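# Observations on chain architecture
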Amino acid sequence: MGLDAPPWRICWLKRKSGSCNPRALRLQFNLALVKVPSGCIECMVLHELLHLVDASHGERFIEALDTHMPDWRERRAQLNAQSLTDAQDYS
């Protein structure tokens, strides 16, 4: 994609799988992603990286997902089927 990897961190996120702050060039990912298949994690990383190019979920964003990961919809559905909100699984 021609992007330099920005700083990122892994932490507990109560309601999200990940997030991107395009202004600060910072990514964060939910520690609970360790529970999901690696393909879902790849999809999440691509999703957040693309927010550095397009902060919205608009047409340009979707086109970029289609270009870089044609099966992203299936991966997203698999990710959305997982419960990532229960931190007790790791205590």
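So, here's what we can say about the structure. As a convention, each chain's residues are numbered from 1 in the sequence order in which they are written. Totals for whole chains, interfaces and linings use all residues, but because this is a predicted model, local features are given only for residues with pLDDT of at least 70 and pairs of side-chain atoms are given and counted only at 80 or more. Just so you know, side-chain values use all the structure's heavy atoms and leave hydrogens and water out.

### Focus: helix α2 (residues 59–68)
Working note: α-helix, 3.6 residues per turn, so residues spaced by three or four point in the same direction. Exposure categories follow from relative accessible area, calculated using a 1.4 Å probe and restricted to protein chains: below 20% of the type maximum is buried, above 50% is exposed, and the middle band is partly exposed. Numbering of helices and strands runs from the N terminus, with a helix taken as a DSSP run of H or I at least four residues long and a strand as a DSSP run of E at least two residues long. Taken as a whole, α2 has its buried residues at Phe61, Ala64 and Leu65. For α2, the angular spread of buried residues about the axis comes to 100 degrees, placing them on one side. Among the exposed residues of α2, those pointing more than 90 degrees away from its buried face are Glu59, Arg60 and Thr67. Throughout, a contact is declared for two residues whenever any of their heavy atoms are within 4.5 Å. Elements in contact with the buried residues of α2: α1 (38–50) and α3 (72–80). By definition, the arc is the one covered by directions from the helix axis to the C-beta atoms.

### Looking at the pattern of salt bridges
Close approach of charged atoms lets side chains of opposite charge pair. Salt bridges are defined as contacts in which a side-chain nitrogen from Lys or Arg sits within 4 Å of a carboxyl oxygen from Asp or Glu. On inspection of all chains with the given rule, the structure shows three salt bridges. Across the pair Asp71 and Arg75 runs a salt bridge whose closest N-O atoms are separated by 3.0 Å. According to the relative accessible area criterion, Arg75 is buried, its value standing at 18%. Through salt bridges with shared partners, a single network forms among Glu42, Asp71 and Arg75.

### Section: the nonpolar core
Buried residues of nine kinds, namely Ala, Val, Leu, Ile, Met, Phe, Trp, Tyr and Cys, make up a nonpolar core once their side-chain atoms join them within 4.5 Å. Cys20, Leu27, Phe29, Ala32, Leu33, Val36, Cys40, Met44, Leu49, Leu79 and Leu84 together form the largest nonpolar core, which totals 11 residues. Tallying contributions element by element places α1 first for this core, with three residues. The residues touching Cys20, leaving out its near neighbours within four places in the chain, are Arg26, Leu27, Glu48, His51 and Leu52. Cys43, Leu46, Met69 and Trp72 belong to the second largest nonpolar core, which has eight residues in total.

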